[in-house]
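# An overview of the molecular structure
In case you want the letters, here they are:
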Amino acid sequence: MLIVMHHNATEEDIQRVKETIEKLGYRPVAIPGAERTAIGVIGNQGWVDDTPFQDLPGIREIIHVTKPYKLVSRDFHPDDTVVRPGEDIEIGSKGSFAVIAGPCAVESAEQMSTVAKALSSFGVKLLRGGAFKPRTSPHSFQGLREEGLRILNEVKKETGMLIVTEVMSPEHVERVAEVADILQIGARNMQNYDLLVEVGKSGRPVLLKRGLAATLDEWLSSAEYILVQGNENVILCERGIRTYERATRNTADLSVIPLIKEISHLPVIFDPSHATGKRSLVRPMALASVMAGADGVMVEVHPEPDRALSDAAQSLDIEGFAKLYDSLVKLWKFRLSIGL
Ligand code: PEP
Ligand code: MN
């Protein structure tokens, strides 16, 4: 439930509403906004009886929220959330476009150092690379795990880049968060609720990928699990969904990007690598996502893509990435110039 106050409601009116919410056993959340003051009710598991609020002064409107998520919705938080994983890095603000790049998996210190130095020289500040890899087959490369984290930490010290890496289980959150500036939740774990609670508690920015066949409501409900823990630093990542079409690895659902912007305040980025599975499609689709309103992209780049231990077919080489990066910057400036 959402209680919208009159613009001339007093502090006392607001306080009275909050106390009434608490007396009913729920939690009030203040919803700051330029044009209105509203108070959200959370902690209820069903319909909230609004009778106790009927005669309270200062209330303009009571809105019953029937969606499975509240904190992630614009109703509860009208202004855009900007995630700041590092001092001069903003994800979700109007004036910035985030580029996360790097290999699918951390394979060796040399591979990471080569790719990180190249990316850093172009101006990329966010480095990806999986130490823990969720693979469809147990016979595929599973990642270097602890050794992978150690390599990521070295490369972080060497280049000053921020690290985006996946965490696969709740008991690893603490250790991965020692290295990761952004904790990635993979598509296969989007509905691993214990893991969502744990990354929520960590307070660290979280990159939440859309599940393989998740609806928008399911995806936003998963984000809600993280916000309920008091962690608002969530970045959504569209990475394609499973459809009947097998010509591409997944089907890129670009329309979900402007739709999320309407219903949620969270930043949303696009992963053209997993969405297409094909190197040649990465650049056009990444550029399309800029015009769809994405706050950034995450792209797989490998110094020797054909020798990559995972996702070789969709990985760009350094030259291919340089070309993409140049186009992204140009198109991003164009987008700003037309006020989109
Ligand atoms: C990845 O980013 O390498 C990855 C495993 O992606 P997804 O979870 O989207 O399949
Ligand atoms: Mn991958």
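Residues numbered from 1 in each chain as written. Chains lettered and ligands numbered in written order. Predicted model: local features only at pLDDT ≥ 70, side-chain atom pairs only at ≥ 80, totals over all residues. Heavy atoms only, no water.

### Points about the pattern of salt bridges
Pairing is possible between side chains of opposite charge, provided their charged atoms come close. Quick note on the threshold: Salt bridge, as used here, is a side-chain nitrogen of Lys or Arg placed within 4 Å of a carboxyl oxygen of Asp or Glu. Under the scheme used here, helices are H or I runs from DSSP no shorter than 4 residues and strands are E runs no shorter than 2 residues, and both carry numbers assigned from the N terminus.
Under the defined criterion, the tally for this structure stands at 20 salt bridges. Note that K156 is salt-bridged to D181, the shortest N-O span being 3.2 Å. With K156 in helix 3 (residues 146-159) and D181 in the loop between helix 4 (173-179) and strand 10 (182-185), this pair connects stretches of sequence that are 25 residues apart. If you follow the salt bridges from partner to partner, you end up with R74, D80 and K94 in one network.

### Structural notes on the coordination of the manganese ion (ligand 2)
Six octahedral donors around a metal ideally make angles of 90 or 180 degrees; four tetrahedral donors ideally make 109.5 degrees. The criterion, for reference: Here the coordinating atoms are restricted to nitrogen, oxygen and sulfur within 2.8 Å of the metal centre, or 3.2 Å for Na, K and Ca, and because water is not among them the sites may look incomplete. Residue exposure (1.4 Å probe, protein chains only): buried if accessible area is under 20% of the type maximum, exposed if over 50%, otherwise partly exposed.
Donor atoms from the polypeptide that coordinate the manganese ion (ligand 2) comprise C104 (SG), H274 (NE2), E300 (OE) and D311 (OD), at 2.0 to 2.4 Å from the metal. In the primary structure, the donors to the manganese ion (ligand 2) are separated according to the pattern C-x169-H-x25-E-x10-D. Taken together, the residues C104 in the loop between strand 7 (98-102) and helix 2 (109-122) and H274 in helix 8 (residues 272-276) connect sequence positions 170 residues apart. Summarising the burial analysis for this pair, C104 and H274 share the class buried.

### Topic: the site of ligand 1
Just so we agree on the cut-off: Residues are counted as near a molecule or strand when any one of their heavy atoms sits within 4 Å of it. For this analysis, a polar contact is any N or O atom pair within 3.5 Å, provided that within protein one partner can donate a hydrogen and the other can accept it, and provided that sequence-adjacent residues contribute only side-chain to side-chain pairs. Only the protein chains shown count as cover for residues, with accessible areas throughout obtained via the Shrake-Rupley method and a probe of 1.4 Å.
Neighbouring ligand 1 are the residues C104, R128, K133, E166, Q184, G186, A187, R188, K209, R239, H274 and E300. Within the side chain of R188, one N or O atom sits 2.9 Å away from an oxygen atom of ligand 1. Here an oxygen atom of ligand 1 sits 3.2 Å away from a polar atom, N or O, in the side chain of H274. Here ligand 1, which alone exposes 300 Å², has 97% of that area covered by the protein.

### Observations regarding empty space enclosed by the protein
As a reminder of what qualifies: Cavities and pockets are found on a 1 Å grid laid over the protein atoms alone: a cavity is a set of points where a 1.4 Å probe fits but cannot escape, a pocket is an open set with protein on both sides within 12 Å along at least five of seven lines, and a lining residue has an atom within 4 Å of such a point. Grid points are joined across faces, edges and corners, and a volume is the space filled by probe spheres set on the points. Residue type decides the class: Asp, Glu, Lys and Arg count as charged, Ala, Val, Leu, Ile, Met, Phe, Trp, Tyr, Cys and Pro as nonpolar, and the leftover types, Gly among them, as polar.
If you walk through the whole model with that rule in mind, you get 1 cavity of 30 Å³ or more. In this structure, the largest cavity occupies an estimated 30 Å³ of space. Lining of the largest cavity is provided by C104, R128, G129, G130, K133, V164, T165, E166 and Q184. In terms of residue count, strand 9 (residues 162-166) provides more of the lining of the largest cavity than any other element does, 3 residues in total. Residue composition of the lining of the largest cavity, grouped by class: 2 nonpolar, 4 polar and 3 charged.

### Here's the deal with the packing of helix 5 (residues 193-202) against helix 6 (residues 216-228)
The line we're drawing: Axis lines are fitted to C-alpha atoms, over the contacting stretch for helices. Their N-to-C directions set the angle, which ranges from 0 to 180 degrees. By definition in this entry, angles of less than 35 degrees are roughly parallel, angles greater than 145 are roughly antiparallel, angles of 65 to 115 are roughly perpendicular, and the rest are oblique. Put simply, a crossing is left-handed when the front helix is turned counterclockwise from the back one by less than a right angle, and right-handed when it is turned clockwise. Residues are treated as being in contact if the distance between any of their heavy atoms lies within 4.5 Å.
Contact geometry of helix 5 with helix 6 gives a least axis separation of 7 Å together with a crossing angle of 40°. One finds that helix 5 runs oblique with respect to helix 6. By crossing handedness, the relation of helix 5 to helix 6 is classed as right-handed. Of the residues in helix 6, those touching helix 5 at Y193, L196, V197, V199 and G200 are S222, Y225 and I226. Of the residues belonging to the contact of helix 5 with helix 6, the class tally is 6 nonpolar, 2 polar and no charged.

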